[in-house]
Amino acid sequence: VASSWLNRQHLRCNHSNPKSPTLTMYCNLNKGSKMQIKDMFPTPIGMFNYGNLSDKELEAINSLEMVRNQNNNTSLNQSVLDISALSGIKDFIEAALKTYLAETLSPSPNMTHYITQSWANLSEAEDYHHFHTHTNSIASGVFYVAVDREKDSITFSRQAKDIPFVHPVLFPDIERPTDYNTEEWDIPIDTGNLFMFPSTLVHGVKQINNRTSDRIS
């Protein structure tokens, strides 16, 4: 299969100008040339900013009934974006989702995306959110209502931590960090930030000691 693919690309190199970056790299690879690296299947993290929330939006979110989850608190309401007071945030997230999908997956115009669930998370002192993925969806997002910008972050992991039946990735001892050997990315967050990513990407929230304010997303 690999040989067949390369042969097809070779024919295209001879008869047309390749438009694909991967094809361009292959077509320009000459004997004795320096190694070229093509990043295959990159993982896109979409980052957006809503700005400050209104008093009406904050009141609606702070009035949600919360219950204890595994290591933090979650809202009983699993469709919080359907609350009328949060319509502005919902419009913002839907527009961001449309942009994210168009720039990454480029879905067919015949396909329509929609939000399946939306809930609130509340992390108090010593709380954290276990590493996990989201099933039965294509893209997931986290919108930040209240954070400590000096301490809070979201962590993305290449390994499936705490998920049964998934083997960890083996790595040698590392001399220096690169994009290829980093096991985790801790990305700082701020109020009004929205992060979108593939639902298959492992993510979580690490425990923060001495937290003085609640984190809401």
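In the block above lies the structure referred to throughout.
**Things to note about the pairing of strand 10 (residues 202-205)**
A regular strand carries its side chains on alternate faces of the sheet. By the alternation rule, side chains of strand 10 split into V202 and G204 and H203 and V205, which are all buried. Pairing of strand 5 (residues 129-132) with strand 10 involves two bridges; the strand directions are antiparallel. Its bridge partner lying in strand 10, H129 is registered against V205.

**What to know about the sheet that holds strand 4 (residues 121-123)**
With respect to topology, four strands assemble into an open sheet ordered 2-3-4-11, the strand pairing being antiparallel. Edge strands, defined here as strands with exactly one partner in the open sheet, are strand 2 (66-68) and strand 11 (215-216). With two bridges joining them, strand 3 (residues 73-75) and strand 4 adopt antiparallel strand pairing. The partner of N73 across the bridge, within strand 4, is L122.

**With respect to the sheet that holds strand 6 (residues 139-143)**
With antiparallel pairing, the three strands of this open sheet are ordered in space as 1-9-6. Strand pairing shows two members of the sheet lacking a second neighbour, strand 1 (46-49) and strand 6, which therefore form its edges. Strand after strand, the sheet turns through a mean of 20° between neighbouring axes, direction not considered. As judged from the five bridges shared by strand 6 and strand 9 (residues 193-198), these two strands associate in the antiparallel manner. Each residue of the ladder has a partner; that of G141, found in strand 9, is M196. Sheet strands touched by helix 4 (residues 87-104): strand 1, strand 6 and strand 9. Its angle to strand 9, the strand with the most contacts, is close to 40°.

About the thresholds
Residues numbered from 1 in each chain as written. Predicted model: local features only at pLDDT ≥ 70, side-chain atom pairs only at ≥ 80, totals over all residues. Heavy atoms only, no water. Buried < 20%, exposed > 50% of the residue type's maximum accessible area, 1.4 Å probe, protein only. Helix = DSSP H or I, 4+ residues; strand = E, 2+ residues; numbered from the N terminus. Pairing = 2+ DSSP bridges. Axes fitted to C-alpha atoms, helices over the stretch in contact; angles between N-to-C directions. Contact = heavy atoms within 4.5 Å.

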